[in-house]
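# Structure at a glance
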Amino acid sequence: MAAIIQVKPITGFPPHLSASAQPQDPAFYQNPYSFYARQHATHPAFFWEEYGHWCFSDFKSVSALLRDKRFGRDILHVASREEIGLPAPKPHVADFDLTEKHSLLNLEPPAHTRLRTLVNRAFVSRQVEQLRPRIRQLAHDMIDGFEGEEAVDLIKAFAAPIPAIVIAEMIGLPADMAKQLLNWSNRMVTMYMYNVTRETELDANQAAADFTAYLREIIAERRRAPREDLLSHMLTNARDGDVLDEDEVISTAILLLNAGHEATVHTTGNGVKSILESGLDPQSLFATPEQAEATVEECLRFDAPLHLFTRYALMDTEVEGITLRKGDVIGLMLGAANRDPVRFADAGTFDPFRTDGGNVSFGAGIHFCIGAPLARIELQEAMGVLFERLPKLRIAEPPRYGNVYHFHGLEKLMVSWK
């Protein structure tokens, strides 16, 4: 189960509450914020025609609904496929579906509580704080590798490899596998695109199969010789006699690898773009740990890495006068909520010194991103080193966002510094 989609058509809604924006229209995904601004000014809760479900774009609603237990990422723990109208699983994506079966992203309590408890310890703040020196060293290493060039794609040369290496090493995979892990991950996350084609499904499924086969080999090695890494921890850690089985370990490792770099890559690229386009002195934005933290939070707010997160209604219910049936889908628009003019002064302005900061970029509630503390440290350290080493950094050609609306990130970011 990749993207959550509305199965039973919704009808009878007031026409003035509907809105249209084609997710694969370049004019939209290059700048979705003008669409968000129109919704904020008219109807923050609206029926998105292309997706066929209700969406919420204001900060208050999104923040509340992320925590609302009437909604969940899974529906089959409270209903059958027949009741909801969900089609049978597609045989040609069976390998992908297996990686999703035990994913923390999709589970609901009590399964979610059990799994998160068994892996959470590795991602608490005091643990990931120890990684700051390693992240700084990786940032220096990456810059050393391209500093002699005239220009470089910062996504490929800097933003992508650092978090991929960090999360791989945490899990217990060799750093030299980072490039292959990125390949598998990038192919798998295309399953969350709007209007996915069969060709995309087949390719994502093959990536999932190859990723799974590789992890099974590594797991077999760890069973023979455990190490001080997260994979060994997941295989051996017991809580009241409870341990994860192999499929649960694989689902969790793949989720951590995919999610553990995707948002950080996009926020690094989007954030560097925002900083360079702001006209502010980049070095001043990382001059102290406190300011570095505030700058990263503003990067997360201003141009979020994830724009749409969906939930099922777990029961017949009502939200803000909107009637929802059990199994209906709602869209929580994280990128729009972060630009809500009711919540933020000058919401469309990048301001790392603002006093009304905050964002929902990592979600909230039980599905709050488990890797958020790590991502924040990676962003603070990597971008701090980047602007320290390359104070004349500038954008060399107009940046373009990728055609994956949910995951809002740049295809490439060409920069120069001489």
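Rules used throughout
Residues numbered from 1 in each chain as written. Predicted model: local features only at pLDDT ≥ 70, side-chain atom pairs only at ≥ 80, totals over all residues. Heavy atoms only, no water. Pairing = 2+ DSSP bridges. Helix = DSSP H or I, 4+ residues; strand = E, 2+ residues; numbered from the N terminus. Core = buried A, V, L, I, M, F, W, Y, C linked by side-chain atoms within 4.5 Å. Buried < 20%, exposed > 50% of the residue type's maximum accessible area, 1.4 Å probe, protein only. Contact = heavy atoms within 4.5 Å. Salt bridge = Lys/Arg side-chain N within 4 Å of Asp/Glu carboxyl O. Axes fitted to C-alpha atoms, helices over the stretch in contact; angles between N-to-C directions. Parallel < 35°, antiparallel > 145°, perpendicular 65-115°, else oblique. Left-handed = near helix turned anticlockwise from the far one by under 90°. Nonpolar A, V, L, I, M, F, W, Y, C, P; charged D, E, K, R; others polar. Phe/Tyr/Trp six-rings, centres within 6.5 Å; stacked < 30°, edge-to-face > 60°. Lys NZ or Arg CZ within 6 Å of the ring centre and 35° of its normal. Disulfide = S-S within 2.5 Å.

Looking up the protein in an unreviewed UniProt entry gives the name Cytochrome P450, with the organism given as Devosia ureilytica.

The subject of this paragraph is the sheet that holds strand β13 (residues 414-416). Here three strands make up an open sheet; going across it, the order is β5-β13-β10 and the pairing antiparallel. Each end of this open sheet is capped by a strand with a single partner; those strands are β5 (151-153) and β10 (394-395). Sheet topology places β5 next to β13; three bridges connect them, and they run antiparallel. Opposite Ala151, over in β13, you have Ser416 as the bridge partner.

Moving on, we come to the nonpolar core. A general tendency of soluble globular proteins is for nonpolar side chains to be buried together. Phe123, Phe146, Phe158, Ile162, Leu173, Val272 and Leu393 are the most contacted members of the largest nonpolar core, which totals 90 residues. Residue contributions to this core peak at 11 residues, all from helix α14 (residues 246-278). Residues in contact with Ile162, not counting those within four places in the same chain, are Ile135, Leu138, Ala139, Met142 and Ala382. Judged by nonpolar contacts, the second largest core, of 28 residues, contains Trp54, Leu65, Leu306 and Ile322.

All right, on to helix α10 (residues 161-171) then. In terms of residue burial, α10 counts as a mostly covered element, since 10 of its 11 residues are buried. Within α10, the full set of buried residues consists of Pro161, Ile162, Pro163, Ala164, Ile165, Val166, Ile167, Ala168, Met170 and Ile171. On its buried face, α10 sits against α8 (132-146), α9 (154-159), α11 (178-188), α13 (230-236), α14 and α17 (372-389). The positive-phi residue at the C-terminal boundary of α10 is Gly172, with phi of around 115°.

Where charged atoms from two side chains of opposite charge approach closely, those side chains can pair. Evaluation of the coordinates by the stated rule reveals 23 salt bridges. The salt bridge partner of Arg389 is Asp144, with a shortest N-O separation of 2.8 Å. Highlighted residues: Arg389 in helix α17 and Asp144 in helix α8, separated in sequence by 245 residues. Connected through shared salt-bridge partners, Glu129, Arg132, Arg136, Glu381 and Glu388 make up one network.

So, about the packing of α10 against α14. Working note: a packed helix pair is described by the angle between its axes plus the distance between those axes. It is the contact of α10 with α14, at a shortest axis distance of 9 Å, that shows an interaxial angle of 155°. It follows that α10 is roughly antiparallel to α14 by the angle criterion. Handedness of the α10/α14 crossing: right-handed. Residues Pro163, Ala164, Ile167, Ala168 and Ile171 of α10 lie in contact with α14, whose contacting residues are Ala253, Leu256, Leu257, Gly260, His261, Thr264 and Val265. Among the residues making up the contact of α10 with α14, the classes are represented as nine nonpolar, three polar and no charged.

With that out of the way, let us pick up the packing of aromatic side chains. As enumerated under the stated definition, the model contains 22 aromatic pairs in all. Where Phe13 meets Trp54, the ring centres are 6.1 Å apart and the plane angle is 80°; that geometry is what we call edge-to-face. Of this pair, Phe13 sits in the segment before β1 (18-19) while Trp54 sits in strand β3 (residues 53-56); the two residues are 41 residues apart in sequence, bridging distant segments of the chain. These aromatic residues form a ring-pair network of at least three members: Phe28, Tyr33, Phe35, Tyr36, Phe46, Trp48, Tyr51, Tyr194 and Tyr405. Here Arg301 stacks its cationic end above the ring of Phe344, 5.1 Å away from the centre of that ring. A cation sits over an aromatic face here: Arg339 above Tyr33, 3.6 Å from the ring centre.

It is worth spelling out the sheet that holds strand β2 (residues 45-48) at this point. As summarised here, the arrangement of the six strands in space is β1-β2-β3-β9-β6-β4, forming an open sheet in which the pairing is mixed. Each of the sheet's edge strands pairs with one partner strand only, and the pair in question is β1 and β4 (71-72). Relative to strand β9 (residues 329-332), strand β6 (residues 309-313) runs antiparallel, the two sharing four bridges. Note that in β9 the partner of Arg311 across the bridge is Ile330. The sheet contacts of helix α3 (residues 59-67) involve β3, β4, β6 and β9, and relative to β9 the element is tilted by about 125°.

Once that is clear, we can look at the pairing of β2. Burial of β2 is two-sided: the residues Ala45 and Phe47 facing one way and the residues Phe46 and Trp48 facing the other way are all buried. Summarising the sheet, β2 and β3 pair through four bridges and their orientation is antiparallel. Residue pairing across strands places Trp48 opposite His53, the latter belonging to β3. Joining the antiparallel neighbours β2 and β3 is a turn of four residues, in which Gly52 adopts a positive phi near 75°.

Turning to the state of the cysteines, a few remarks are in order. The tally for this structure, following the rule as stated, stands at zero disulfides. Of all cysteine sulfurs in the structure, the one in Cys369 sits closest to Cys299, which takes part in no disulfide; the separation is 17 Å. Take Cys299: its relative accessible area is 1%, and that puts it in the buried class.

Let's shift gears to the environment of Gly85. You can see Gly85 is positioned in the loop between α4 (81-84) and α5 (94-101). Put simply, Gly85 and Lys8 are 77 residues apart on the chain and 6.7 Å apart in space, counted from C-alpha to C-alpha. Leaving out residues up to four positions away in the same chain, Gly85 has contacts with Val7 and Lys8.

For the pair α11 and helix α12 (residues 198-224), the least separation of the axes is 8 Å and the interaxial angle reads 140°. As the angle between them shows, α11 and α12 are arranged oblique. As for the relative orientation of α11 and α12, their crossing is left-handed in sense. Contacts between α11 and α12 involve Leu181, Trp184, Arg187 and Met188 from the former and Asp203, Ala204, Gln206, Ala207, Ala208, Asp210, Phe211 and Tyr214 from the latter.

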